[in-house]
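Residue-level listing of the chains:
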Amino acid sequence: MSEILYSEAQLKKVVAELAAAIAADFMGQPVLLLGLLKGCQPFLADLCRQLSYHQVDLAVDYLQVSSYVGSASSGKVKIKQLSADEAFCRRRNVIIVDDIFDTGLTLQKVMAWLQAKGAAQVKSCVLLSKSGCNQTAIVPDYCGVEIPAAFVVGYGLDYNEKYRELPYIKVLPENEQ
Ligand code: 5GP
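Residues numbered from 1 in each chain as written. Predicted model: local features only at pLDDT ≥ 70, side-chain atom pairs only at ≥ 80, totals over all residues. Heavy atoms only, no water.

Enquirer: I'm lost on the site of the ligand in this one. Help?
Expert: In the vicinity of the ligand lie 16 residues, with T103, G104, T106, V152 and D158 positioned nearest. Between a nitrogen atom of the ligand and a main-chain N or O atom of V152, the distance comes to 2.7 Å. At a separation of 2.7 Å, a nitrogen atom of the ligand approaches a polar backbone atom of D158. Contact with the protein chains removes 91% of the 510 Å² of surface that the ligand exposes when unbound. Of the residues in the shell around the ligand, the class split is eight nonpolar, three polar and five charged. (Near = heavy atom within 4 Å. Polar contact = N/O pair within 3.5 Å; in protein donor to acceptor, adjacent residues only side chain to side chain. Areas by Shrake-Rupley, 256 points an atom, 1.4 Å probe, with all protein chains shown as cover. Nonpolar A, V, L, I, M, F, W, Y, C, P; charged D, E, K, R; others polar.)

So this is what it looks like as structure tokens:
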């Protein structure tokens, strides 16, 4: 039996709280939300909608980033820019939006990449953070909830491209991995 960690209603509340925190910090300043595909999709869409209620001046772009194979991190983070504009993040306030913070290696690599490309300010926003797994000195600026160190799926998070469509987040039992 799979354990539901966060229901659709709980996720909605968490995302609304994250949007309120971002809006309080960025009122009157343009922000580029940079989603890490593919897992960010439902989270980013809901976050944008919530930010629009606060009238934050938003632009949205994406990077394609991968490190996981099945339920294990390869430790090698690959970044692919999707914007055709080479200078898309130069002198901008960028908030990286990712589904889950685990070892921190993805955020570490993407932050360094954005700084090298000339972003004015780089912040990070994650929906979930796994307790006790951080291998870096990075702490996400905006974090929805801490979860136990289990493999989770749903609300954009996949296992071999399955389960992304679930409106909730559940633990994937080891016998299904
Ligand atoms: P990190 O680089 O922080 O170890 O991992 C970040 C990325 O690993 C996430 O964006 C996500 O793609 C993947 N990931 C880490 N933990 C999980 C998990 O529990 N479930 C799923 N589906 N992906 C995870």
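Enquirer: What am I meant to see in the nonpolar core here?
Expert: Most often, soluble globular proteins have nonpolar side chains that are buried together. Grouped together as the largest cluster of nonpolar side chains are 34 residues, with contacts concentrated most on L33, F43, L47, L127, L128, V152 and I169. Elements that contribute at least two residues to this core include exactly β1 (3-6), α1 (8-26), β2 (31-37), α2 (41-53), β5 (93-101), β6 (121-130), β7 (142-147) and β9 (169-171). Per element, the largest residue contribution to this core is eight residues, and it comes from α1. The residues contacting L33, other than those within four sequence positions of it, are L44, L47, C48, L51, L58, A59, V60, D61, I95 and V97. (Core = buried A, V, L, I, M, F, W, Y, C linked by side-chain atoms within 4.5 Å. Buried < 20%, exposed > 50% of the residue type's maximum accessible area, 1.4 Å probe, protein only. Helix = DSSP H or I, 4+ residues; strand = E, 2+ residues; numbered from the N terminus. Contact = heavy atoms within 4.5 Å.)

Enquirer: For this particular structure, what's the right way to read the pattern of salt bridges?
Expert: A side chain of one charge can pair with a side chain of the opposite charge when the charged atoms of the two come close. If you walk through the whole model with that rule in mind, you get seven salt bridges. A salt bridge links D102 to K130; the shortest N-O distance between them is 3.7 Å. Of this pair, D102 sits in the loop between β5 and α3 (105-116) while K130 sits in strand β6, and the two are 28 residues apart along the sequence. The pair formed by D102 and K130 is uniform in burial state, with each residue classed as buried. In this structure, D158 engages R164 in a salt bridge whose closest nitrogen and oxygen atoms are separated by 3.4 Å. According to the relative accessible area criterion, R164 is buried, its value standing at 18%. Residues participating in the shared-partner salt-bridge network are K38, D158, E161 and R164. (Salt bridge = Lys/Arg side-chain N within 4 Å of Asp/Glu carboxyl O.)

Enquirer: Looking at this model, I keep getting lost on the sheet that holds β9. Mind explaining?
Expert: Sheet strands line up and pair through hydrogen bonds in the backbone, either parallel or antiparallel. With antiparallel pairing, three strands are arranged side by side in an open sheet as β1-β9-β8. Strands with a single pairing partner mark the edges of an open sheet, and in this sheet they are β1 and β8 (152-153). (Pairing = 2+ DSSP bridges.)

Enquirer: Teacher, can you tell me more about the pairing of β2 here?
Expert: Looking along a regular strand, one sees side chains alternate from face to face of the sheet. Among the seven residues that make up β2, seven are buried, leaving the element largely enclosed by the rest of the structure. Side chains V31, L33, G35 and L37 of β2 all project onto a buried face; the interleaved residues L32, L34 and L36 project onto the opposite face, where all are buried too. When β2 meets β5, the two strands line up parallel, connected through four bridges. In the strand pairing of β5, L33 is matched with I95.

Enquirer: Honestly, the side chain of K130 in this entry has me stumped. Any pointers?
Expert: Judged by relative accessible area, K130 falls into the buried class, the value being 10%. Among the polar contacts listed, one links the side chain of K130 to the backbone oxygen of A150, at a separation of 3.3 Å.

Enquirer: Would you mind showing me how to read the packing of aromatic side chains here?
Expert: Centre-to-centre distance and the angle between the planes together describe a pair of aromatic rings. Summed over all chains, the structure comprises two aromatic pairs. Taking 6.3 Å as the distance between ring centres and 50° as the angle between the ring planes, the aromatic pair formed by F88 and W113 counts as tilted. Of the two residues, F88 sits in the loop between β4 (72-81) and β5 while W113 sits in helix α3, which places them 25 residues apart along the sequence. Overall, the relative accessible area of 3% leaves F88 in the buried class. Measuring from ring centre to ring centre gives 6.0 Å for F151 and Y159, while their planes differ by 80°; the resulting arrangement is edge-to-face. (Phe/Tyr/Trp six-rings, centres within 6.5 Å; stacked < 30°, edge-to-face > 60°.)

Enquirer: When you look at the environment of L47 in this model, what are you seeing that I'm missing?
Expert: Position of L47 among the secondary structure elements: in helix α2. Classification of L47 by relative accessible area gives buried; the value is 0%. In this structure the C-alpha to C-alpha distance between L47 and A19, which are 28 residues apart in sequence, comes to 6.1 Å. Excluding residues within four positions of it along the chain, L47 makes contact with V15, L18, A19, I22, L33, V97 and C125.

Nothing here speaks to function; it is all geometry.
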